[in-house]
Amino acid sequence: MRLSFDRSVEGFRQTFLAWLADNRPSPEEMAADPALSSGHAPPWARRWTRTMFDAGWLVPGWPPERGGRNASPLEQLVYLEEMARADVPRSTNPQGLGIIAPSILDYGSEEQIGSYAMPILRGERTGCLGMSEPGAGSDLAALSTRAVLDGDQFVINGQKVWTSGANHADFCFLFCRTDPSAAKHKGISVVLVDIDTPGVSVRPLPELVAPEYPELNEVFFTDVVVPAANLVGTLNDGWAMANGSLAHERGMVWVSSVMALDASMRHMLDAAPGWLSKLRSGERAVAAAMVADLYVDTQAVRCLGYRGFGKLMRGGSAPEQALMKLFSSETRQRLGLVAAEVEGAASVTVSPQGARGPFLAVDEASTWMEQYFRSFGLTISAGSSEIQRNIIAEKVLGLPRS
Ligand SMILES: Cc1cc2nc3c(=O)[nH]c(=O)nc-3n(C[C@H](O)[C@H](O)[C@H](O)COP(=O)(O)OP(=O)(O)OC[C@H]3O[C@@H](n4cnc5c(N)ncnc54)[C@H](O)[C@@H]3O)c2cc1C
């Protein structure tokens, strides 16, 4: 059995790697003005997204006019593998690139595509995703932020929470209730709201990791008036779009979490000989066994990923998505913990701009301890571990609904 890609796919990989080497921002440029949190886009990051878009490398599977080059699914897979290894983000607005822009391209008007989706792809504007609320997270259909259609405008009142990057965003892709008399999953719509509209207020949430660079926010809407033309898709049919957006999100999480885990493992293996040589022999044996265990798990996730990918390519559904989300986020969490434990006291330095421990984590801008703290979010966002276990129980194992 030969487990490798064919020559044309490997040729695609080499073409991309050559382009990347010639065009990527330098580590010095990135370090001088780092992208500190989701949605924060320093000038180099905006330029870089635009450079990728212009060259057809931003979303290679899409047509050229939308930032792509009609790449085949396998070509997209090797592209994502190399991006995960490259230590440079495609965009510092992952929700915009991975969820909001594709959703607007699927459901939005030409005007919305021109004013909201394409500017995200060209690195000109950033969007945040307003789904979760204090009373609606896993059960998104319970959302209560209200948009009342009044002539040719909506009047919006309510609150969102955990909104990544809202403190840097130009607009919000806002899920709101437009028909409270309808059943829970009906009567939901999506409206585009510019963040500088009067009545919108963004409050960053205090964070344990790098508190000076908050990422998550509460967003309050008080009598916010937006044109009715900002409705995305059909009135009261936002649930279809919630499924669409979440499908984009799951697709993004599924592939990129596997690739990110793989890249983290490589960084750990690169650093491991250095760490291990500093330990006493008894400790070294225990630490080496933990690293080996993690390596086996990351390879298992990777194989599972290829299997799920193969199924999707043949047009089947892939319950592996839930397995991947669960296994990759929890393995990443263990990886951060093992690294932080082995690194010891040096790993508690958490400021991205301050002094830090000697063994840098995957993105070169954070410590392993920071990665470990952040990994808890990975087990919650895009569907918590408990929700993934429910899906596996019902859809993979065929157990009755709880
Ligand atoms: C890093 C990060 C970034 C995020 N970014 C965004 C964003 O940009 N936009 C946005 O809208 N939201 C965002 N979120 C919010 C995220 O979508 C929610 O946190 C998630 O959906 C869970 O909702 P919740 O926090 O309300 O928890 P809840 O749904 O209240 O769940 C609380 C606990 O109960 C468990 N639970 C819930 N239902 C069940 C069930 N049926 N069976 C078993 N256990 C259950 C959950 O697993 C969890 O442990 C982000 C979250 C994180 C951590």
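Since the structure is predicted, the reported quantities are computational estimates derived from the model, not experimental observations. (Residues numbered from 1 in each chain as written. Predicted model: local features only at pLDDT ≥ 70, side-chain atom pairs only at ≥ 80, totals over all residues.)

## A short note on helix 3 (residues 43-55)
Item 1. Over its 13 residues, helix 3 extends 18 Å from the first C-alpha to the last, a length consistent with the 18 Å expected when each residue adds 1.5 Å.
Item 2. Of all the positions in helix 3, only Ala-45, Trp-48, Thr-49, Met-52 and Phe-53 are classed as buried. Buried positions in helix 3, seen along its axis, are confined to an arc of 135° and lie on one side of it. Residues of helix 3 that are exposed and point over 90 degrees away from its buried face: Pro-43 and Asp-54. (Helix = DSSP H or I, 4+ residues; strand = E, 2+ residues; numbered from the N terminus. Expected span 1.5 Å × (residues − 1). Buried ≥ 20, exposed ≤ 12 C-beta atoms within 10 Å, placed from the backbone. Arc of directions from axis to C-beta.)

## Some thoughts on the domain arrangement of the protein
Item 1. Here the domain parsing of the protein yields domain 1 (7-92), domain 2 (127-236) and domain 3 (241-396).
Item 2. Each of domain 1 and domain 2 has a C-alpha centre, and the two are 30 Å apart.
Item 3. Each side of the interface is counted separately: domain 1 has six residues, and domain 2 has eight residues.
Item 4. Classifying every residue of the side of domain 1 that touches domain 2 by side-chain character gives two nonpolar, four polar and no charged. (Domains from an automatic or database assignment. Contact = placed C-beta atoms within 7 Å. Nonpolar A, V, L, I, M, F, W, Y, C, P; charged D, E, K, R; others polar.)

## Some thoughts on the site of the ligand
Item 1. In the neighbourhood of the ligand, 18 residues make up the surrounding shell, with Met-131, Gly-137, Ser-138, Gly-377 and Ser-384 lying closest.
Item 2. Taken together, the elements giving at least two residues each to the shell around the ligand come down to strand 1 (127-130) and helix 11 (385-396).
Item 3. Per element, the largest residue contribution to the shell around the ligand is three residues, and it comes from helix 11.
Item 4. Grouping the constituent residues of the shell around the ligand by class yields six nonpolar, 11 polar and one charged.
Item 5. If you count residues domain by domain, the shell around the ligand takes at least three from each of domain 2 (127-236) and domain 3 (241-396). (Near = placed C-beta within 6 Å.)

## Focus: the environment of Pro-102
Item 1. With respect to the secondary-structure elements, Pro-102 resides in helix 5 (residues 94-107).
Item 2. Between the alpha carbons of Pro-102 and His-267 there is a distance of 31 Å; along the sequence they are 165 residues apart.

## Points about helix 10 (residues 368-378)
Quick reminder: α-helices carry 3.6 residues per turn. Residues three or four places apart thus point the same way.
Item 1. Looking at helix 10, one finds that the buried residues are Trp-368, Met-369, Glu-370, Gln-371, Tyr-372 and Leu-378.
Item 2. Of the surrounding elements, those touching the buried residues of helix 10 are helix 9 (320-343).

## Here we look at the packing of helix 5 against helix 6 (residues 110-121)
Item 1. Two elements in contact, helix 5 and helix 6, have axes whose closest approach is 9 Å; the angle formed by their N-to-C orientations is 155°. If you check the angle between helix 5 and helix 6, you find them roughly antiparallel. Along this stretch, helix 5 crosses helix 6, giving a crossing that reads as left-handed. For the pair helix 5 and helix 6, the contacting residues are Gly-96, Leu-97, Ile-100, Ala-101, Ile-104 and Leu-105 in the first and Gln-112, Ile-113, Tyr-116, Ala-117, Ile-120 and Leu-121 in the second. (Axes fitted to C-alpha atoms, helices over the stretch in contact; angles between N-to-C directions. Parallel < 35°, antiparallel > 145°, perpendicular 65-115°, else oblique. Left-handed = near helix turned anticlockwise from the far one by under 90°.)

## Considering the nonpolar core
Item 1. By size, the foremost hydrophobic cluster in this structure holds 77 residues, and its most contacted members are Ile-156, Cys-172, Leu-174, Val-191, Val-193 and Val-232.
Item 2. Considering each element in turn, this core owes the most residues, nine residues, to helix 9.
Item 3. Non-local contacts of Val-193, meaning those with residues more than four positions away in its chain, are made with Ile-156, Phe-171, Cys-172, Leu-174, Val-200, Val-224 and Val-226. (Core = buried A, V, L, I, M, F, W, Y, C linked by C-beta atoms within 7 Å.)

## A short note on the environment of Glu-330
Item 1. With respect to the helices, strands and loops of the structure, Glu-330 is situated in helix 9.
Item 2. Considered as a pair, Glu-330 and Leu-208 are 122 residues apart in the sequence and their alpha carbons are 20 Å apart.

## Here we look at unusual backbone geometry
Item 1. Phi at Trp-162 takes a positive value of approximately 60°, unusual for a residue other than glycine.
Item 2. Following the sequence through the fold, Trp-162 ends up in the loop between strand 3 (153-160) and strand 4 (171-177).
Item 3. Using a count of 21 C-beta atoms within 10 Å as the deciding quantity, one classes Trp-162 as buried.

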